[in-house]
Amino acid sequence: MDVCKVVCFLVVLIVFPVFSQEKIKDNGSLDSIQNLNTVDIKASKFHKTERLGQKTVEVSAKEMARNPTNFTELLRYNSPIVFKDYGNGGTSSARFRGTSASNTVVLWNGININSVGSGQTDFNSLSANTADEIIIKSGGGSVEYGSGAIGGTVHLKDHLSFDIHQNYQLFTSYGSFNTSSNFFKANLGTGKWAIKLSGVFNSSDNDYPFIDDRYQDEDGNSLKNDNGNYINYGVDLGIAYKISNKNKLYFYTTGYYGDRLFSDGLPNPSAGSERNEDFNQRNLLKWFYRFGDFTQIINTSFISQEYRYYDNKDSKDYSFGKSQTASINYSLNYRFSNAWSLKYLMVADHINGQTTDLVSEDRDVFSLGGILNYKPNSDFIFSLGARKEYNSDFKVPISASLSAEQKVAKFIWLKANVSANYRVPTFNEMYWPVVGNRDLIPENSRQGEFGLEFENFGLKFNSTLFYIDLKDKIIWKPAGNSNLWTPVNLDAAVNKGVELFLGYTKKIRSHFFHFSGNYTFTEASDSENGRQLPYAPKHLLNYNLEYGYGIAKIYFQDLYQSKVFTNRLALDFYSLDLVHVMNLGLDISLFEKDNTNLVLGGKINNIGNSLYYFTNLRPMPGRNYTININYKF
Amino acid sequence: MKTTKLIFKLFLLSLVFVACDEDTTPSEILDTFENGIIISAEGAWKAKDGSISFVSEDYSMSTNFLYKGVNGSKLGGLIQSIGFNGDDAYIVLNDVNTIVVADRYTFLKKAVITTGLTNPRYIAFANGKGYVTNWGDADNINDEFIAVVDLESNKVESTFSISNGPEQIVSQGSKLYVSNRGGTGSGTAYNNVVSVIETDAANAISTIEVNDAPDDMVFNAAGNLVVLSQGEQSSWAQDENGIWYAQIETTAAIQTIDVSSNTVSSTIEFGVGVHPNLLDIDGSNIYYHIGYIGVFSIADDATELSEEAAILTDNLYGMSVKDGKVYGVLKTFEELSELIITDATSKSKLYSTAVGLGASKIYFNE
């Protein structure tokens, strides 16, 4: 069987470098002294308490420049997340480890920005290119991040550094189907002040030809992605003032506007008439204050999100959903000895949601939590945390987390985490007219992971076994004597599998070699009937392979996703074929001196012109091209 | 290092074991679908996974997803209905404004109609042409129309307007009858007319007033048209306990239209709050279905409803009756639907099988 071959090949591929690491050590240590230093710095960062015991992947600025079109595409090639998007540029949702899209939390500078209505984030209506740091953290995290952190969390961070510096970046790309992605970024530090200003602008006609020749129009002509145009732009501003080393104030604000048409895909793209607008605005004021052995952080945030959906793009009539979330998040960290520290958390949220058909609804949330950290030496870290949420709508179970990391050999760590997490019912699930169900209770999970991590000699390897037992899962079911679908706490699911990450960087004189790849094996099944859950592929593989010589770098991207089912029946008719897409790119560094760097890039996407789908009958683009300029100064 | 190696070996083993446990055996594929029952399934809303099933007359063979099996591609929409004309099946895909024309016995694709339709519902044939009811924009009650299909080129050649919510369409000679159900979009009004179109008089339209929400229409043995008006149940509101209820409730009825005068010759009304959803005629009997109660049978000249259900059922989404057998599909959109064939006299179940998700219509292919 093909699947078996792929798995065996992968296992060999991934395990081999670890078994043969002694050899690498013998032969490679002299050449990689430079790399060794940088890797060590990263390694210490890796064992930060906030990522304790769990698997994380970082997406770098270089990768952003190589997949700039939208956030979905960036993470599709650089993370263990499975995406389901309604055609290229359409709404897109993210799933970790076979869980549902509302079990993924997106945090902007630490603030949950999932939609109040759907409990999800649309990864195609989010500007991530201007973020300074993107961290993909797999696994449960309700103690730290609250509701929804079951499958994993995606962290977008803006850096405000007081170090005296001035960094600017201009990026522009243009490609097939009149697709243009652009952003600029300015980061400044004066010692007392830190400022970040950035902006993003993307647009596309997105009218790519459909390469599925089984479908034609009534005159036998081939079809294209009609009604798929999009335009979006956003601005971010961050300002920080350092009163003293112990006393700092930060302010972040961001605005985003997106205007998209939703294509209808096959068999008749001319049936497409939908349009969607997004208006997102977020503000965060953060006060960092340290006194004695105490560190306190107060985050005050206000977020407003709105969509307007037009069934007919030519009409002025739309339906909308909007929400405002005001939140105060207080944390106090007390370090009572060199080894022990205790963090106290207090979060209060007031959420208001409205839609066209629904009168305004409010929800108040108050959470208390504590996390105890123990780090007796540099080889062992232990953490124990709990959180209790009080919600004006329902009872929320206590979430808890226990993590430990132990160095077992030079450069090898074992990591373990067990946690209980939850996801509260969303506004749509509770209050949607007629179908909303006010009797819903939160979804809750018991989960654990066990991982091994190796990092040295330019090689980074992580392998994590995971197990998630999810109860009271909310699903939509047809209700009673009508064709109305209503959400109920019905399902239970068990997801288990393994996540692997392999990264390797090597530089020998003018030659540069880099590999980074993710592989996830997931077995996500309905507890009742054992069927594989929808949109949960058994195998997901993506990797980037790069070779550089002198000023030129050539890179190859590969994505493989095995068959997914599109509903809970788990029958072949209701499934999407496996996906295999490859991209090839070239970057040429035209100018490089001090902090100035001008890179000219070109890329062929989908070099094999392969037909692939992430939703039924909405084909993704065939072979297409982009060029870009990336200027840092 | 030994522990590390052990852990990796474990990973390796677990991976290979779990990945290799699936194997599928190919099943027998039919290539003609004569002398049997055709069941069309809508599929889930917006999922573009409507499908067609076939069960042979003697129940010895059945197959699901036959269009995909024959053509290698999905129909790609919600199958609202199928109209048969000669050897051709016109498969109406509501959500993608498409009609797929296929051979009614092999289901091989012959043509596709992709322009001139907006929210198409049903097709009937008269005067050598196809006539398709269209809702137009779901939230606009003034843009409903009939699309006229040239059956040679399989293209929409013209359109003309019709009253709100045109649903089913049936033909008798050069006349077409359309049930104008209304209520096509959320919050839009229900309608209460049957439109008569004279195809040999420049598509002149007259209307016959019936009860609210007329839907199923079947000609009886005498050639008169029996119409099931479901009655309106709309404008949902919440009571003080948060329970939703319909503020507007009107009476359902079975009405017979005398086609010589195009007037309602008999009306049998249902009780308040009773909303039958399906009707068919077999010989001189009218069969109608009320959700969660059952299928009832009355003579086509009856003046009263039946007191007792002929067959007890769960909630049927589609029903056809032929030669004393009731063919019903259960309403489900999350599991495969079930086709149940019951003898109307003995009430015994003759056959049942799983058919496509959201099965809704049953046709006979002789």
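Residues numbered from 1 in each chain as written. Chains lettered and ligands numbered in written order. Predicted model: local features only at pLDDT ≥ 70, side-chain atom pairs only at ≥ 80, totals over all residues.

Asker: Give me the overall build of chain A: which residues, what numbers.
Answerer: Of regular secondary structure, chain A possesses seven helices and 31 strands. The C-alpha atoms of chain A give a radius of gyration of 24 Å, which matches the 26 Å a tight globule of 633 residues would have. Classification of the 633 residues of chain A by burial places 47% in the buried group. Considering only contacts within chain A whose residues lie at least 6 apart along the sequence, 62% involve residues at least 24 apart. (Helix = DSSP H or I, 4+ residues; strand = E, 2+ residues; numbered from the N terminus. Rg over C-alpha atoms; globule rule 2.2 N^0.38 Å. Buried ≥ 20, exposed ≤ 12 C-beta atoms within 10 Å, placed from the backbone. Contact = placed C-beta atoms within 7 Å.)

Asker: Explain the overall build of chain B to me, using residue names and the numbers behind them.
Answerer: Regarding its fold elements, chain B presents two helices and 30 strands. Computed over C-alpha atoms, the radius of gyration of chain B comes to 23 Å, within 12% of the 21 Å expected from 2.2 N^0.38 for 366 residues, which places it in the range of a compact globule. Along the first, second and third principal axes, the C-alpha set of chain B runs to 90 × 55 × 45 Å. Looking at chain B as a whole, 45% of its 366 residues are labelled buried. Restricting the contact set of chain B to residue pairs at least 6 apart, pairs at least 24 apart contribute 43%.

Asker: Pulling in residues and values, what's your account of the sheet that holds strand β12 (residues 166-172) of chain B?
Answerer: Residue and element names in this part refer to chain B. Ordered in space as β12-β13-β14-β15, the four strands form an open sheet in which the pairing is antiparallel. Of all the strands in the sheet, just β12 and β15 (204-209) have a single pairing partner and so form its edges. Each adjacent strand pair in this sheet contributes to an overall mean axis angle of 25°, direction not counted. Two strands pair when backbone bridges link them, and strand β13 (residues 175-182) and strand β14 (residues 190-198) are joined in this way by seven bridges, in the antiparallel orientation. Across the sheet, residue leucine 176 finds its bridge partner in β14, namely isoleucine 197. (Pairing = 2+ DSSP bridges. Axes fitted to C-alpha atoms, helices over the stretch in contact; angles between N-to-C directions.)

Asker: Outline the confidence of the model for chain A, listing residues and values.
Answerer: Counting all residues, the mean pLDDT for chain A is 89, and 91% of those residues have values of 70 or more. Every residue in residues 1-46 of chain A is under pLDDT 50, and counting partners more than four places away or in other chains gives 42 contacts. (pLDDT = per-residue confidence, 0-100.)

Asker: Before we move on, can you summarise the environment of Val92(B) with the specific residues and values?
Answerer: Residue and element names in this part refer to chain B. Note that valine 92 resides in strand β5 (residues 88-93). You can call valine 92 buried: it has 26 C-beta atoms within 10 Å. Separated by 13 residues in sequence, valine 92 and isoleucine 79 have C-alpha atoms that sit 5.8 Å apart. Not counting residues up to four positions away in its chain, the partners in contact with valine 92 are Gln80, Ser81, Ile82, Ile99, Pro120, Arg121, Tyr122, Ile123 and Val132.

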